[in-house]
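Structure at a glance
Spelled out, the chains give:
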Amino acid sequence: MTLYPKLILDALATVTYPGTKKSIIDSGMVADDLRIDGMNVKFSLIFPRETDPFLKSTVKASEAAIHYHVSPDVKVEINVQTTSRPRPEPGKMLPKVKNIIAVSSGKGGVGKSTVAANLAISLARLGYSVGLLDTDIFGPSIPKMFGVEDARPYAVRKDERDLIEPISKYGVKLLSIGFFVNPSTATLWRGGMASNALKQLIGDANWDELDYFILDTPPGTSDIHLTLLQTLAITGAIIVSTPQEVALQDARKGIDMYKNEKVNVPILGLVENMAWFTPKELPENKYYIFGKEGCKRLSKELDIPLLAQIPMVQGICDGGDEGKPIALDSDTMSSIAFLNLAQAIVTVVNRRNAQRPPTKIVGLKK
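Residues numbered from 1 in each chain as written. Predicted model: local features only at pLDDT ≥ 70, side-chain atom pairs only at ≥ 80, totals over all residues. Heavy atoms only, no water.

1. Structural notes on the overall build of the protein chain
When you go through the protein chain residue by residue, the secondary structure sums to ten helices and 15 strands. For the protein chain, the spread of C-alpha atoms along the three principal axes comes to 90 × 40 × 35 Å. The buried share among the 366 residues of the protein chain stands at 49%. Long-range pairs, those at least 24 residues apart, make up 74% of the contacts in the protein chain with a sequence separation of at least 6. Roughly 18300 Å² of accessible area belongs to the protein chain as shown, and the carbon and sulfur atoms make up 50% of that amount. Here the protein chain holds 43 positive side-chain charges and 40 negative ones, and the gap between their average locations is 4 Å. (Helix = DSSP H or I, 4+ residues; strand = E, 2+ residues; numbered from the N terminus. Buried < 20%, exposed > 50% of the residue type's maximum accessible area, 1.4 Å probe, protein only. Contact = heavy atoms within 4.5 Å. Areas by Shrake-Rupley, 256 points an atom, 1.4 Å probe, with all protein chains shown as cover. Lys, Arg positive; Asp, Glu negative; His and termini not counted. Charge placed at Lys NZ, Arg CZ, Asp CG, Glu CD.)

2. Things to note about helix H8 (residues 294–302)
Listed as buried for H8 are Gly294, Cys295, Leu298 and Ser299. All buried residues of H8 fall inside an arc of 135 degrees around its axis, so they share one side. Taken together, the buried residues of H8 touch strand S13 (236–241), helix H7 (245–259), strand S14 (267–277) and strand S15 (306–312). Positive phi shows up at Asp303, right after H8, with a value of about 55 degrees. (Arc of directions from axis to C-beta.)

3. Thoughts on the pattern of salt bridges
Should the charged atoms of two oppositely charged side chains come close, the side chains can pair. The tally for this structure, following the rule as stated, stands at twelve salt bridges. Between Lys42 and Glu77 there is a salt bridge; the shortest N-O distance is 3.9 Å. Pair noted here: Lys42 is in strand S4 (residues 40–47) and Glu77 is in strand S5 (residues 75–82), with a separation of 35 residues, a long-range link. On the accessibility criterion, Lys42 (37% relative accessible area) is partly exposed. What makes Glu77 partly exposed here is its relative accessible area of 40%. (Salt bridge = Lys/Arg side-chain N within 4 Å of Asp/Glu carboxyl O.)

4. Observations regarding the sheet that holds strand S10 (residues 167–169)
Spatially, S10-S11-S7-S12-S6-S13-S14-S15 is the arrangement adopted by the eight strands of the open sheet, whose pairing is mixed. The open sheet has two edge strands with one neighbour each: S10 and S15. Between one strand and the next, the sheet's axes are offset by a mean angle of 25 degrees, whatever the strand orientation. Of the pairings in the sheet, the one linking S10 to strand S11 (residues 172–176) comprises three bridges and is antiparallel in character. Opposite Lys169, over in S11, you have Val172 as the bridge partner. (Pairing = 2+ DSSP bridges. Axes fitted to C-alpha atoms, helices over the stretch in contact; angles between N-to-C directions.)

5. Quick look at the layout of surface pockets
The space that makes up the largest pocket amounts to roughly 490 Å³. In this structure, the largest pocket is lined by 22 residues; those nearest its centre are Arg49, Thr51, Ile164, Gln200 and Asp204. Counted by class, the lining of the largest pocket contains twelve nonpolar, three polar and seven charged residues. (1 Å grid on protein atoms, 1.4 Å probe; cavity = no way out; pocket = protein on both sides within 12 Å on 5 of 7 lines; lining within 4 Å. Points joined across faces, edges and corners; volume = space filled by probe spheres on them. Nonpolar A, V, L, I, M, F, W, Y, C, P; charged D, E, K, R; others polar.)

6. Side note on the sheet that holds strand S3 (residues 35–37)
The sheet built from three strands is open, its strands ordered S3-S4-S5 with mixed pairing. What marks the edges here is a single partner per strand, and that holds for S3 and S5. Taking each pair of neighbouring strands and ignoring which way they run, the sheet shows an average axis angle of 20 degrees. Taken together, the three bridges between S3 and S4 define a ladder with antiparallel strand orientation. Across the sheet, the residue bridging to Arg35 is Lys42, located in S4. Its contacts with the sheet put helix H2 (residues 55–69) on S4 and S5, and the angle it makes with S5 is roughly 150 degrees.

7. What to know about the packing of aromatic side chains
In the structure shown here, the tally under the stated rule is seven aromatic pairs. For the pair Trp276 and Tyr288, a centre-to-centre distance of 6.3 Å together with 70 degrees between the ring planes defines the contact as edge-to-face. Taken as a pair, Trp276 in strand S14 and Tyr288 in the loop between S14 and H8 lie far apart in primary sequence, twelve residues in all. A relative accessible area of 33% places Tyr288 in the partly exposed class. In this structure, Lys286 packs its charged tip against the face of Trp276, placed 4.0 Å from the ring centre. (Phe/Tyr/Trp six-rings, centres within 6.5 Å; stacked < 30°, edge-to-face > 60°. Lys NZ or Arg CZ within 6 Å of the ring centre and 35° of its normal.)

Interpretation note: all reported values are geometric properties and have no functional meaning in isolation.
Structure representation (structure tokens):
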């Protein structure tokens, strides 16, 4: 049997690419490098990006089409090309981002996302360019807090790559897995899938130039934290806790994770959230519902700065639920507390950068 180009191209014309719902020939995906040597066929398929979800299935379908329409004896070699540059390697992502701050907590329910959201807005109010990444793949909350649950990021072409354009709100660039999944449906992903999704939100997004890139991390210590540490050189971490002893015990675990010799991410300081309750009707009163000054004691014990004590007031909860974080207000006790926190962050980050070398990404064994 003699092979010739039209035989091969006619076979490939039967293969449909799901991305365009057209044949790979009509979609312009077959490169002009077809080579035939006896019963050996070699050519390239061009895909929009290396992470194309239909890449493997299209390659297999192309090989099967040649075997079916031409001959099962044909030896097929298919190379893959992409029109988009590959994602930068870990440690080389976000070259225009000056400071990467992880907002972390040892346990859930301490208001970590609330602190992250209001901190980002407060830094923007101080005149800094700010990005906020919701890294909680299984429980994203940032879209709700910023009132952009219905937003859908679009792709932009930049530096020969297709990048996700973050949503901008209140002067902050935002990305969250919540923009891409049904908010009423549980995300049933294994750890590897969650980590890959997180890498896309970091490395395949148009974050551009930022003074501060805030990472709202999930509670505890998990695969997501390891992915962040192995992907980004984190400038420092902020640990959020309530004054309650149970929360403080978990906060110690979070601190220990970052201070581990294999990780070595500086702890910028503690934030005591829900430090006291102040009713709107009695603004001068303080009720220590979860204990008094627990983070202050932990700060002295571990020699870590206490950056802020954030009171628990109705406005903070309402602001998060309504998509209008309280830091947007200019004269409330809580907004002033978050603005003071932002100013404290600027101070400790500048001191950290002056006194310590840049953080290196973590090379942990799998």
